[in-house]
Amino acid sequence: MNRTTTLRRFGVSLLFASLVSLLAAPVAASNGAVGLAGASQDNLAVPQWLYLATGGATVGASALLASFVTDRRFIEQVHSWRASVALDDVVRRGLGIVGSALGLALLGFIVYLGVTGPQTPTLNFAIIVTFAGLRAGYTMFTYLVGDTWRAVNPWRTVATVLPNGFVEYPHKLGRWPAVAGILALVWVETAAGVTRQPNLLAVAVAGYSVLTLLGALLVGPEDWFDCADPVSVFLRFYGRVAPIRWNDEDGLSVRLPGMRLVTDDEVTDLADVAVAVVLVWELTFSGFVTTEQGAAAITAVVEAGLPALVVYGVLYLGGFAAFLGLYVLAGHLTVRRIETFETPRALAVRFAPSLLAIAVGYHLAHYFGFFVSLSPMLAGALSSPLSPPANPVVLTLPAWFGALNVVFVLLGHLLAVWVAHSQAYDTFPSRMQAIRSQLPFVVVMIFYTIVSLWLVALPTASPPFL
Amino acid sequence: MSDTRNDGDGLDRHVCERCGDAYPSARLLTLHRGARHPDDLTADEVEAYREAYYDEERELKSFRIRALGVLVLLYFGFLILFILFAS
Ligand SMILES: [Zn+2]
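Worth saying up front: this structure is predicted, and the values here are computed from it rather than measured.

Caption draft 1: Region of the structure containing the overall build of chain B. Each helix and strand counted, chain B has 2 helices and 3 strands in total. Its helices and strands in sequence order give chain B the pattern β-β-β-α-α, from N to C terminus. Looking at chain B as a whole, 28% of its 87 residues qualify as buried. Taking all contacts inside chain B whose residues are at least 6 apart in sequence as the whole, residues at least 24 apart take part in 9%. Counting only carbon and sulfur atoms, one obtains 57% of the accessible surface of chain B, whose full area is about 5,800 Å².

Okay, here's the thing in structure tokens:
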């Protein structure tokens, strides 16, 4: 057998395997951890301040260690390593059709069964598939393996076959509409009860479908899903961390995890920085409001006389603005530290991709245990959508798995430190400048680490007044 | 090889002819050209790049010593903190 056929076969089986694992992900990943913090606090035999300081110091120390690596050629080798696998046109089109069909079927079932199915969240297909499936499992697949949303996205499938593109998308808006959209979706998820009421979720998904189709038909699906659609932008940014990418010219291209963040200049303006920050922030926010301490703080402020929704709103948007502001501030400090013509904003844009590695760590810490414990339920729902089991199975995870959340948070930050290091070497001609430029950003990362390590170690509660 | 003009910020702009990037000092432009466009350099420029590179090596060496000091301090500092406070 010649080399190309072997490669092609390998490519087909790899793609097949990833599609299978997309469907069967729960089975493959079920040796996991606990969800949402919870059990971990009791395991810590060290005082909390020491645990937090150690986490922060780990990130700082790894940045120092990375600064010992000053060999440009080595750094470039790491982030430009790549392998590609050619894909047959027929296979590619076939997989595209399978993906589109799956997407349409899932959307149809979510809306239909959300209304007609049992109204208990743990029994309802819509709730299980949306939150355990898409929000947790599929997002993990997107950053751990590869972004397949372009093929699956049911709204794109519909919009491309209808007449579209009546107006030019206002490109000066960049991806700000998507930033607003992601903030809005997370708000609906936290405050509107869609995680508990299947029929409400179905209505929300139907409403989202109408808005999305209108938008996509108005400005054309390419621009809409590239810049304005929150779900697509969310998954696309997560997908940038993934090792595998599906490419029109060379089939599948494989890279080391996170290294596309260094070489692919896909973050180009402040709106893109905001998307990266929003991914980090939404997990921090939902982490905060679902802890006992966060709930207590919110209760205290509300009892002092402020309306609950105002408190949540200020915390939500104010926290986002603070996270974004810190990043831009780091850009300003960097420009002041070194001789350069780079602007603070350009540096914030340069270093923003490393935030995506951090977001991946947080997402795993928040959703991995949740996903694993619900995976039998998800498998049940997907294998027989129309006949839900009477007694849904939830895996109970051993308490020591809580430590895994800490590991995820730290791993995300370590990857981010390396990405920032490589990015700095790409940007600055002087190695000393490359080292010094990272310092403010590393300080911001240490701050993020401490906040989220604190959150994953707190006992969970349900958010009050919602 | 490069034109040097002032952009009004009080800083000289040393612009790379090949890619248009600007740097505030001739040394930085030399380092940029050596790292990014090594095939463009004349023999003199290669010499200048070497010199700037090794100059920076000295700076890096002193930085590494300080970084090592901080790492050792962190390690023993945390070791002592864990001995005192962890149970
Ligand atoms: Zn140049």
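Caption draft 2: Fine view of the sheet that holds strand S1 (residues 82-85) of chain A. Residues and elements named next belong to chain A. Pairing within the open sheet is antiparallel, and its 3 strands lie in the order S1-S3-S2. Each edge of the open sheet carries a strand with a single partner, namely S1 and strand S2 (244-247). With direction set aside, neighbouring strand axes in the sheet form an average angle of 25°. Note that S1 and strand S3 (residues 251-255) share 4 bridges and pair antiparallel. Considered in S3, the bridge of Arg82 is made with Arg255.

Caption draft 3: Quick look at the coordination of the zinc ion. Residues and elements named next belong to chain B. Every protein donor of the zinc ion is accounted for by Cys16 (SG), Cys19 (SG), His32 (NE2) and His37 (NE2), and the metal-donor separations fall at 2.0 to 2.2 Å. For the zinc ion, the 4 donor atoms are set out with angles of 101 to 119° between them, so the coordination reads as tetrahedral. Counting gaps between the donor residues of the zinc ion yields the pattern C-x2-C-x12-H-x4-H. The two residues His32 and His37 agree in class, both being buried.

Caption draft 4: Representation of the pairing of strand S2 (residues 12-15) of chain B in the model. By the bridge criterion, 2 bridges tie S2 of chain B to strand S3 (residues 22-23) of chain B in an arrangement that is antiparallel. Opposite His14 of chain B, over in S3 of chain B, you have Tyr23 of chain B as the bridge partner.

Caption draft 5: Layout of the packing of aromatic side chains. In the structure shown here, the tally under the stated rule is 23 aromatic pairs over all chains. Relative to Tyr448 of chain A, the ring of Phe447 of chain A lies with its centre 6.1 Å away and its plane at 50°, an arrangement referred to as tilted. Among the residues examined, Phe447 of chain A registers a relative accessible area of 37% and is labelled partly exposed. In textbook terms, an aromatic cluster arises when at least three aromatic residues are bridged by ring pairs, as seen for Trp187, Trp281, Phe285, Tyr316, Phe323, Phe447 and Tyr448 of chain A. The ring centre of Phe341 of chain A lies 4.9 Å from the NZ or CZ of Arg13 of chain B, which sits over that ring.

Conventions we followed
- Residues numbered from 1 in each chain as written.
- Chains lettered and ligands numbered in written order.
- Predicted model: local features only at pLDDT ≥ 70, side-chain atom pairs only at ≥ 80, totals over all residues.
- Heavy atoms only, no water.
- Helix = DSSP H or I, 4+ residues; strand = E, 2+ residues; numbered from the N terminus.
- Buried < 20%, exposed > 50% of the residue type's maximum accessible area, 1.4 Å probe, protein only.
- Contact = heavy atoms within 4.5 Å.
- Areas by Shrake-Rupley, 256 points an atom, 1.4 Å probe, with all protein chains shown as cover.
- Pairing = 2+ DSSP bridges.
- Axes fitted to C-alpha atoms, helices over the stretch in contact; angles between N-to-C directions.
- Donors = N, O, S within 2.8 Å, 3.2 Å for Na, K, Ca; no water.
- Tetrahedral: all angles 85-135°; square planar, octahedral: opposite > 155°, others 65-115°.
- Phe/Tyr/Trp six-rings, centres within 6.5 Å; stacked < 30°, edge-to-face > 60°.
- Lys NZ or Arg CZ within 6 Å of the ring centre and 35° of its normal.

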